[in-house]
Protein chains: 2
Amino acid sequence: MNIQQLTASIYQKRSFLCVGLDTDPAKLPAGLQDNPKDIIAFNKAMIDATLESAVAYKINTAFYEAMGAQGWEIIEQTLAHIPPTHFSIADAKRGDIGNTAAQYARTFFETYQFDAVTVAPYMGRDSIQPFLDYQDKTTIVLGLTSNKGAADFEQLELSSGKKLYEQVLTTVASWGSPDQLMFVVGATQAAALKNIRQLIPGHFLLVPGVGAQGGSVEEVAAAGWTTNCGLLVNVSRGVIYASNGEDYITAAKAAAQGYQRQMQAAFEKLQG
Amino acid sequence: MNIQQLTASIYQKRSFLCVGLDTDPAKLPAGLQDNPKDIIAFNKAMIDATLESAVAYKINTAFYEAMGAQGWEIIEQTLAHIPPTHFSIADAKRGDIGNTAAQYARTFFETYQFDAVTVAPYMGRDSIQPFLDYQDKTTIVLGLTSNKGAADFEQLELSSGKKLYEQVLTTVASWGSPDQLMFVVGATQAAALKNIRQLIPGHFLLVPGVGAQGGSVEEVAAAGWTTNCGLLVNVSRGVIYASNGEDYITAAKAAAQGYQRQMQAAFEKLQG
């Protein structure tokens, strides 16, 4: 699935919800054990429960990498359960020199057939280009993140007067079209979102930080909306850990539906 | 193995050579096939051939991740073959928000018991702290890299007059002591190395880019030497692909010995 197809799905469903599968084996709900079989079952249940409300799934590779080789088998089986009607993202934040970046691109676009992968910008163009070379895939580059540490470097002021993340956004945007390139912009940075939308009016933003990290759908939509919606809001803990009791599936379903309703309201308000 | 033990090994061997195991299945020498058994055999042969000349090994995870779950089994078996007399580095360049960074730290320091891992700085302190929390392990943060793309963001000038990478080096250095924190500084940036050495006089530098990327041991040593050597020079392709014929083991051994001799010469010149 590419960005154009994702956009059609967003308009059809009146939802720009991405569910983050950051499955921590230590936090599985009642009745499930810390083993690959149960983790896969949990992920599949989360996908099934949210399929109607969500348009995308984001697999945070770190949680699976910590399980060793079997974690990658869980990634593979989870990814296989995401239907082609939904956009799949490997949240891996890779970044390295060209020949190594090419291996990472191959990992996520060929070995595992994700639609998209997140990439770190620090090392510059040749660390990002190998991902962009897959023109039917989507590269999602870190812009301004939702964590406290974003203040340490991302928000530093350059001699040009711009902030580093602003320079990253505009420079990287010149390397790839809105058809194949998105940016990560944290929901906790709603004030900055409006400014970012002006800097890169055409590109989709993947917005984490709604829910557990404190951002709200309404604020994000108001600040980040553009002509083709241009937003993909990720919620991880707020959906998959909506309950740690036996009702975890219905709770996840209800949580995702709640986010979809907030997004539908934003649609009606902003799309007119 | 920690940095103090690594330093002792460097002094004993008069070598600060790290061999990079960036094993590309498409580039295996004559007689070896693209399968896990042969890749492991190749890696073990490269370790055995260079054990006397090298003090450290760096496994570039990208090349193994591209093989899927079995790639991680190759990492595990390769790592198990590195003796405790040698320093082991996962070149993974991870970087994410705190709870995710903690999973990456667990991956490389617990699931796989590497001595060190490379980390990207873009997302700031909470993306690095979970690695530093392992006080007997070493965190290696990207400073100034050896690729062309380093000019895109790393070398941008800040309003303070400093370059971004200079700010990254000094800020991150304030978060961790030279006993547990190193920085990646590319050998192709020899002119910058001298300046970097003044900014962070006490920290070890992991220096890639010698050999295939064009840097030289002599220049790196002259510019980056500090009281405890403070240098770990990585060579990947220049050692493991020294020959693609049947003599690949003796060629790798000879290449590593050649680098060790250059390092010994630098020792005699600089250590007095």
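These lines cover the structure that appears in this document, whether it is placed above or below. (Residues numbered from 1 in each chain as written. Chains lettered and ligands numbered in written order. Predicted model: local features only at pLDDT ≥ 70, side-chain atom pairs only at ≥ 80, totals over all residues. Heavy atoms only, no water.)

### Quick word on the overall build of chain A
Working step 1: Secondary structure assignment for chain A yields eleven helices and eight strands.
Working step 2: By the compact-globule yardstick of 19 Å for 272 residues, chain A fits well, its C-alpha radius of gyration being 18 Å.
Working step 3: Overall, the C-alpha framework of chain A stretches about 55 × 45 × 35 Å when taken along its three principal axes.
Working step 4: Of all intrachain contacts in chain A linking residues separated by at least 6 positions in sequence, the fraction that spans at least 24 positions is 72%.
Working step 5: In the structure as shown, chain A presents an accessible area of about 9,400 Å², 47% of it carried by carbon and sulfur atoms.
Working step 6: Averaging the coordinates of the 20 positive side-chain charges in chain A and doing the same for the 26 negative ones gives two points 5 Å apart. (Helix = DSSP H or I, 4+ residues; strand = E, 2+ residues; numbered from the N terminus. Rg over C-alpha atoms; globule rule 2.2 N^0.38 Å. Contact = heavy atoms within 4.5 Å. Areas by Shrake-Rupley, 256 points an atom, 1.4 Å probe, with all protein chains shown as cover. Lys, Arg positive; Asp, Glu negative; His and termini not counted. Charge placed at Lys NZ, Arg CZ, Asp CG, Glu CD.)

### Description of the sheet that holds strand β2 (residues 56-60) of chain A
Residue and element names in this part refer to chain A.
Working step 1: What the eight strands build is a closed barrel, ordered β1-β2-β3-β4-β5-β6-β7-β8; its pairing is parallel. Averaged over neighbouring strand pairs, the angle between their axes works out to 30° when direction is ignored.
Working step 2: Across three bridges, strand β3 (residues 87-94) lies against strand β4 (residues 116-119) in parallel orientation. Residue pairing in the sheet places R94 in a bridge with V119 of β4.
Working step 3: The sheet contacts of helix α7 (residues 164-173) involve β5 (138-144) and β6 (181-185), and relative to β6 the element is tilted by about 170°. (Pairing = 2+ DSSP bridges. Axes fitted to C-alpha atoms, helices over the stretch in contact; angles between N-to-C directions.)

### Considering the relation of the copies chain A and chain B
Working step 1: Overlay of chain A on chain B (RMSD 0.0 Å): rotation 180°, translation along the axis 0.0 Å. The superposition of one copy onto the other is thereby described by a two-fold rotation axis. (Least-squares fit on C-alpha atoms with pLDDT ≥ 70 in both.)

### Section: the interface of chain A and chain B
Working step 1: Taken together, the contact pairs 57 residues of chain A with 58 residues of chain B.
Working step 2: Carbon and sulfur atoms supply 58% of the area buried between chain A and chain B, which totals about 4,700 Å² over both sides.
Working step 3: At the junction of chain A and chain B, the tally comes to four salt bridges.
Working step 4: Put simply, K93(A) and D96(B) hold a salt bridge, and the shortest N to O gap is 2.9 Å.
Working step 5: Among the elements that line the side of chain A that touches chain B, the one with the most residues is helix α5 (residues 98-111) of chain A, at eight residues.
Working step 6: Of the residues that constitute the side of chain A that touches chain B, the class distribution is 24 nonpolar, 18 polar and 15 charged. (Buried area = accessible area lost by both parts, 1.4 Å probe. Salt bridge = Lys/Arg side-chain N within 4 Å of Asp/Glu carboxyl O. Nonpolar A, V, L, I, M, F, W, Y, C, P; charged D, E, K, R; others polar.)

### Here we look at the side chain of R94(B)
Working step 1: With respect to the helices, strands and loops of the structure, R94(B) is situated in strand β3 (residues 87-94).
Working step 2: For R94(B), a relative accessible area of 0% gives the class buried.
Working step 3: Of note is the side chain of R94(B), whose polar atom sits 2.9 Å from the side chain of E65(B).
Working step 4: Those residues in contact with R94(B), other than ones at most four positions away along the chain, are E65(A), R94(A), Y104(A), T61(B), E65(B), W72(B), Y104(B), F108(B), T118(B), V119(B), A120(B) and F131(B). (Buried < 20%, exposed > 50% of the residue type's maximum accessible area, 1.4 Å probe, protein only. Polar contact = N/O pair within 3.5 Å; in protein donor to acceptor, adjacent residues only side chain to side chain.)

### Some details on the packing of helix α2 (residues 36-50) of chain B against helix α4 (residues 69-81) of chain B
Residues and elements named next belong to chain B.
Working step 1: Contact geometry of α2 with α4 gives a least axis separation of 10 Å together with a crossing angle of 25°. Judged by the angle between their axes, α2 and α4 are roughly parallel. Where α2 crosses over α4, the two elements pack in a sense that is right-handed. Within the contact between the two elements, α2 uses P36, I39, I40, N43, K44, I47 and D48 and α4 uses Q70, I74, Q77, T78 and H81.
Working step 2: Along the lines of polarity and charge, the residues of the contact of α2 with α4 split into five nonpolar, five polar and two charged. (Parallel < 35°, antiparallel > 145°, perpendicular 65-115°, else oblique. Left-handed = near helix turned anticlockwise from the far one by under 90°.)

### Focus: the nonpolar core
Working step 1: The biggest cluster of nonpolar side chains holds 206 residues, and the ones touching the most others in it are F16(A), L232(A), F16(B) and L232(B).
Working step 2: The residues contacting L232(A), other than those within four sequence positions of it, are L6(A), F16(A), C18(A), V55(A), A56(A), F87(A), I89(A), M182(A), F204(A), L205(A), L206(A) and V207(A). (Core = buried A, V, L, I, M, F, W, Y, C linked by side-chain atoms within 4.5 Å.)

### Quick look at the side chain of K137(B)
Residues and elements named next belong to chain B.
Working step 1: Along the chain, K137 turns up in the loop between α6 (125-132) and β5 (138-144).
Working step 2: At 4.7 Å, D115 is the nearest oppositely charged side chain to K137, a buried residue that forms no salt bridge.
Working step 3: Residue contacts for K137: discarding those within four places in its chain leaves F109, Q113, F114, D115 and Q180.

### A word on the environment of Y241(B)
All names here are of chain B.
Working step 1: With respect to the helices and strands, Y241 occurs in the loop between α10 (237-240) and α11 (248-271).
Working step 2: Between the C-alpha atom of Y241 and that of L28, which follows or precedes it by 213 residues, the distance is 8.1 Å.
Working step 3: Each residue touching Y241, except ones within four places of it in the same chain, is listed here: D22, T23, D24, K27, F42 and S236.
Working step 4: Within the structure, the side chain of Y241 is placed 2.7 Å from the backbone nitrogen of D24, a separation counted as a polar contact.

### Quick look at the pattern of salt bridges
Working step 1: Under the counting rule described, the total for this entry stands at 14 salt bridges over all chains.
Working step 2: Across the pair D91(A) and K58(A) runs a salt bridge whose closest N-O atoms are separated by 2.7 Å. Of this pair, D91(A) sits in strand β3 while K58(A) sits in strand β2; the two residues are 33 residues apart in sequence, bridging distant segments of the chain.
Working step 3: One continuous salt-bridge network, built from bridges that share partners, spans K58(A), D91(A), K93(A) and D96(B).

### Regarding the environment of G230(A)
Working step 1: Tracing the sequence through the fold places G230(A) in the loop between α9 (217-224) and β8 (231-235).
Working step 2: Setting aside residues up to four positions removed in sequence, G230(A) forms contacts with R197(A), H203(A), F204(A) and L205(A).

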